[in-house]
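Coordinate analysis (summary)
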Amino acid sequence: MTLLDLWLSRSIPMCLLLQSLVLMALCFPSASMCPKGCSCLRDPHLHGLNVTCSQSRLKEIPPNLPVDTVLLRLDHNQIGAVPDQAFRGLRLLRELNLSYNAVETLGEGSFSGIEGTLQVLDLSHNRITSVHRDAFARLKARIIVDDNPWHCDCALQQAIGGMAHNHEAAARVLCRSSELLDQEGRPFLAVDIDLCNLAKRTTDYAMLVTMFGWFAMVISYVVYYVRQNQEDARRHLEYLKSLPSKPKKPDDADDISTVV
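Read on for a plain summary of the structure. Here the structure is a predicted model, which is why all the values come from computation and not from measurement.

**Structural notes on the overall build of the protein**
- When helices and strands are counted, the protein shows five helices and ten strands.
- Scored against the burial criterion, the 260 residues of the protein give a buried share of 32%.
- Contacts in the protein between residues at least 24 apart in sequence constitute 45% of all its contacts with a sequence separation of at least 6.
- For the protein, the exposed surface amounts to about 17700 Å²; the carbon and sulfur share of it is 60%.

Set out below in structure tokens:
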């Protein structure tokens, strides 16, 4: 066996080992890339990562999620808020599961940056009472919002108005509380009143009542002031009448006649 044959015989296993290491690096992300408490598996069919953080006792959305995350499961945790731009760097994200958490409200930028790619958004079984009117405006995803204690007001009416392609999801929104007491417990789509105009009318009515109150106070003060002045004038006149009259001074004619 020549030296070349010997070198080649030793190089081939080394090449196979290197190929295996490269394949493993491509198929499985490094531990530093995957958030603590989560598992990150590369799915060749999705051309990205399937990141699962279910039942990990998370109280907030993990920072520094892998940028090539395609599926993200954050369900069954204790996440209480979705900060603005929390998912901004995840430009490949298709499915986001936030069900069974403690989210109470959603801001305008809660899903900023993933509007174009997100296909499914699960927000069911949370504590959401209110959302920003534009929280869902640019999303094209199928949104699941079952079992949340919604407060039906103007902002929610505007947010649902932006979910025209999610009529089924909107139909599942039940009013836990409402600006209108008779709407509590009813499907939100059954509310046939413009709550935004109702809020405006309520504000206008409050301003009108306030202005009327001030006007009544001014009128009352003017009436009191006039009556008080009249009373003072009457008392002054009575005082003048009560004064003793001054003796009449004899005129010059009387003096002349007396002398004669």
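Next comes the rest of the write-up.
**Here's the deal with the pairing of strand E1 (residues 39–43)**
- Pairing of E1 with strand E2 (residues 48–52), which is carried by five bridges, proceeds in the antiparallel orientation. Following the sheet pairing, Ser39 is matched in E2 by Thr52.
- Counting the residues that bridge the hairpin from E1 to E2 gives four residues, and of these His47 lies at a positive phi of roughly 55°.

**Looking at a nonpolar patch on the surface**
- On the surface, a cluster of nonpolar side chains totalling about 630 Å² of accessible area is made up of Val218, Tyr221, Val222, Tyr224, Tyr225 and Val226.
- Note on placement: Val222 falls in helix H4 (residues 195–242).

**Comments concerning the state of the cysteines**
- Scanning the model with the defined rule gives four disulfides in all.
- Covalently, Cys34 is tied to Cys40 through a disulfide, its sulfur atoms 2.1 Å apart. Residues Cys34 and Cys40 are joined by a disulfide whose S-S torsion is about 85°; by sign, that bridge is right-handed. Cys40 carries the same exposure label as Cys34, and that label is buried.

**A few points about the pairing of strand E3 (residues 69–73)**
- In terms of residue burial, E3 counts as a mostly covered element, since four of its five residues are buried.
- Taken together, the four bridges between E2 and E3 define a ladder with parallel strand orientation. Looking across to E3, one finds that Thr52 is bridged to Arg73.
- Bridge analysis of E3 against strand E4 (residues 95–97) gives three bridges, and the strand direction is parallel.

**Structural notes on the sheet that holds strand E6 (residues 120–122)**
- Here we have six strands laid out as an open sheet, ordered E1-E2-E3-E4-E6-E8, and mixed in their pairing. Since the sheet does not close on itself, it has two edges, and those belong to E1 and strand E8 (142–144), each with one partner. Strand-to-strand, the axes of this sheet are offset by a mean angle of 15°, without reference to chain direction.

**Focus: the side chain of Glu115**
- The topology assignment puts Glu115 in the loop between strand E5 (105–106) and E6.
- Not counting chain neighbours up to four residues away, the residues in contact with Glu115 comprise Arg138, Leu139 and Lys140.

**Structural notes on the pattern of salt bridges**
- Applying the stated criterion to the full structure yields five salt bridges.
- When the shortest N-O distance is used, the salt bridge between Glu115 and Arg138 registers 3.8 Å. On the criterion of sequence distance, the pair formed by Glu115 in the loop between E5 and E6 and Arg138 in the loop between strand E7 (130–131) and E8 is long-range, its members being 23 residues apart.
- Residue Glu115 is classed as buried on the basis of its relative accessible area of 17%.
- Judged by its relative accessible area of 46%, Arg138 is partly exposed.
- Asp146 is the partner of Arg172 in a salt bridge, and the nearest nitrogen-oxygen pair spans 3.4 Å.

Quick notes on the rules
Residues numbered from 1 in each chain as written. Predicted model: local features only at pLDDT ≥ 70, side-chain atom pairs only at ≥ 80, totals over all residues. Heavy atoms only, no water. Helix = DSSP H or I, 4+ residues; strand = E, 2+ residues; numbered from the N terminus. Buried < 20%, exposed > 50% of the residue type's maximum accessible area, 1.4 Å probe, protein only. Contact = heavy atoms within 4.5 Å. Areas by Shrake-Rupley, 256 points an atom, 1.4 Å probe, with all protein chains shown as cover. Pairing = 2+ DSSP bridges. Patch = residues over 30% accessible without salt bridge, like charges linked within 9 Å, V, L, I, M, F, W, Y side chains within 5 Å. Salt bridge = Lys/Arg side-chain N within 4 Å of Asp/Glu carboxyl O. Disulfide = S-S within 2.5 Å. Axes fitted to C-alpha atoms, helices over the stretch in contact; angles between N-to-C directions.

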